[in-house]
Amino acid sequence: MNIQEAKEEIRNTVLAYTKKNEDGTYRIPAVKQRPVLLIGPPGIGKTAIMEQAAEECGVGLVAYTITHHTRQSAIGLPVIREKNYGGKVCSVTEYTMSEIIASVYDCMEETGKKEGILFIDEINCVSETLAPAMLQFLQCKIFGSHHVPEGWVITAAGNPPGYNKSVRDFDVVTLDRVRLLNVEANLEVWQRFAREAGIHEAVLSFLEIKPQDFYRMEAFEEGTYFVTARGWEDLSRMIAVYEDLGLPVSAPFVQEFLQYPMVAGDFAAYYALYKKYRSDYRIMDILKGQCPGEIRERVKEVPYEERVTLVHLLFEALLNFTQRAETKKWPEEREKAVTEADRAWKTVFVFLESCFGAGLEMQIFIREIQQSAVCTELLVKCRSEEYLRFAKLFQEQGQQQRYEENCRMLFRKMTE
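Thresholds applied
- Residues numbered from 1 in each chain as written.
- Predicted model: local features only at pLDDT ≥ 70, side-chain atom pairs only at ≥ 80, totals over all residues.
- Heavy atoms only, no water.
- Helix = DSSP H or I, 4+ residues; strand = E, 2+ residues; numbered from the N terminus.
- Contact = heavy atoms within 4.5 Å.
- Areas by Shrake-Rupley, 256 points an atom, 1.4 Å probe, with all protein chains shown as cover.
- Lys, Arg positive; Asp, Glu negative; His and termini not counted.
- Charge placed at Lys NZ, Arg CZ, Asp CG, Glu CD.
- Salt bridge = Lys/Arg side-chain N within 4 Å of Asp/Glu carboxyl O.
- Buried < 20%, exposed > 50% of the residue type's maximum accessible area, 1.4 Å probe, protein only.
- Axes fitted to C-alpha atoms, helices over the stretch in contact; angles between N-to-C directions.
- Left-handed = near helix turned anticlockwise from the far one by under 90°.
- Nonpolar A, V, L, I, M, F, W, Y, C, P; charged D, E, K, R; others polar.
- Pairing = 2+ DSSP bridges.
- Disulfide = S-S within 2.5 Å.
- Parallel < 35°, antiparallel > 145°, perpendicular 65-115°, else oblique.

### A word on the overall build of the chain
When its secondary structure is counted, the chain shows 18 helices and 11 strands. With the C-alpha coordinates aligned to their principal axes, the bounding extent of the chain is approximately 100 × 65 × 60 Å. Nonlocal contacts in the chain, meaning residues at least 24 apart in sequence, comprise 72% of its contacts between residues at least 6 apart. Accessible surface computed for the chain: about 22300 Å², of which carbon and sulfur atoms make up 50%. Within the chain, one finds 50 positive and 61 negative side-chain charges whose respective centroids are separated by 3 Å.

### With respect to the pattern of salt bridges
With the rule as written, the count across this model stands at 16 salt bridges. One salt bridge connects E208 with R367, and the closest N-O pair in it is separated by 2.2 Å. Note that E208 is positioned in helix α8 (residues 201–209) and R367 in helix α16 (residues 360–370), a separation of 159 residues in sequence. What makes E208 buried here is its relative accessible area of 14%. Salt-bridge contacts for D213 lead to R216; the nearest nitrogen and oxygen are separated by 2.8 Å. Where salt bridges share partners, they join K210, D213, R216, E218 and D266 into one cluster.

### Some points on the packing of α8 against helix α11 (residues 261–280)
For the pair α8 and α11, interaxial distance at closest approach is 10 Å and the crossing angle is 115 degrees. In this structure, α8 crosses over α11, and the sense of that crossing is right-handed. Across the interface between the two elements, E201, A202, V203, S205, F206 and I209 from α8 touch D266, F267, Y270, Y271 and Y274 from α11. The residue makeup of the contact of α8 with α11, split by class, is 8 nonpolar, 1 polar and 2 charged.

### Focus on the sheet that holds strand β9 (residues 179–182)
Taken in spatial order, the 5 strands make up an open sheet running β2-β5-β8-β1-β9, and their pairing is parallel. Both edges of this open sheet fall to β2 (60–65) and β9, since each of them pairs with a single strand only. Neighbour to neighbour, the strand axes of the sheet diverge by 20 degrees on average, direction disregarded. When strand β1 (residues 36–39) meets strand β8 (residues 152–158), the two strands line up parallel, connected through 4 bridges. Directly across from L37, in β8, lies its bridge partner A156.

### Brief notes about the pairing of strand β4 (residues 88–95)
As defined by bridge partners, strand β3 (residues 78–85) adjoins β4 across 8 bridges and the pair is classed as antiparallel. When the bridges of β4 are listed, E82 appears paired with S91.

### Some thoughts on the state of the cysteines
On inspection of all chains with the given rule, the structure shows 0 disulfides. Left without a disulfide partner, C107 is nearest to the cysteine sulfur of C57, which lies 14 Å away.

### Quick look at the packing of helix α13 (residues 293–301) against helix α15 (residues 331–356)
Between two packed helices, what matters for the description is the angle formed by their axes and the separation of those axes. Relative to each other, α13 and α15 sit at 50 degrees, their axes nearing to 9 Å. Of the possible angle classes, the one that applies to α13 and α15 is oblique. Judged by the twist between their axes, the crossing of α13 over α15 is right-handed. On the side of α13, the interface is formed by R296, V299 and K300, while α15 contributes F351, S354, C355 and F356. Taken together, the residues of the contact of α13 with α15 sort by class into 4 nonpolar, 1 polar and 2 charged.

Such coordinate-based values are descriptive only and should not be taken to indicate function.
Okay, structure coming up:
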């Protein structure tokens, strides 16, 4: 499953586990609520979806990376109590409240939310001394001698053995008490997040051309090389700041984030071309409808990678136009800015259609729009005939393609 599907599963779990009977008791008692365990590669957004699910469900969130904790902070410190058993006074070891359980109560006090998500990350990488406590936590919902409060859904995450040498396998007894979600990296899902998160267009267009470089991890004699979704996101933010400061984006700089030399080198070279195309194609002239004829003819002959880059450069400029319109406070200024943005969108649609028709480049352009709420809202508000026409065309093509695939699948089954 991808990370978006995992988020929906978390959200649905919270709704189900916090559903109450008429008498106020939980439909599924806490003892029968299986913790949700996500297992997936690092950097794909496991922590982020917990925050999103908690916000959407209107519940609290307490998140801990358990490898940052000792046994004492996780289960509490031992204290000696004296108890009377059958007239005999005995010294008994008890535990102070776990720092993690205390954080749940702190969250309840601070937010006023009595229900929430308790998320424990890197749960299968704990130290040997803490491992029994984690098994007890998953099986019994308890840290030391203190239970997780009712109404709090337990979720946990870890990496598969191939990604972390410290990983410990869970036994069947433990796995039989959790809901196991195996999560994989998915570029298409990440692209939807990336558009809203403002990921740099150079990153988006590079991954459009080389999707295989979105997430890679390979072991070599000299060590493990890897590229993760987190690496692309962090690199994107730094590139934006470097551009503002006028600093160079070199291959060694890129490799600080993409720790796979070949991928880092490829992206650094592509970024240099990206900046060159931004100048060569005179993007702002295209938006103003002042595109020279030789550029239009050149676009039709260049390689696919260059055409995709141009589409992303145009979308980047249009997105900036649209966002500026949204920031205008006064109605007259806002209306003027919206009109200018709408005119720029129409001009680019005409340019792209004259160059590519309804080809793959236009499909990429429409998909980029649909992944941006602010752009879609403006085009629908302005009743963009071009956008609505192409969006409808590609939707119908997609439905026809799915229909044909289903027919072929049914035919294969009938002939087996």
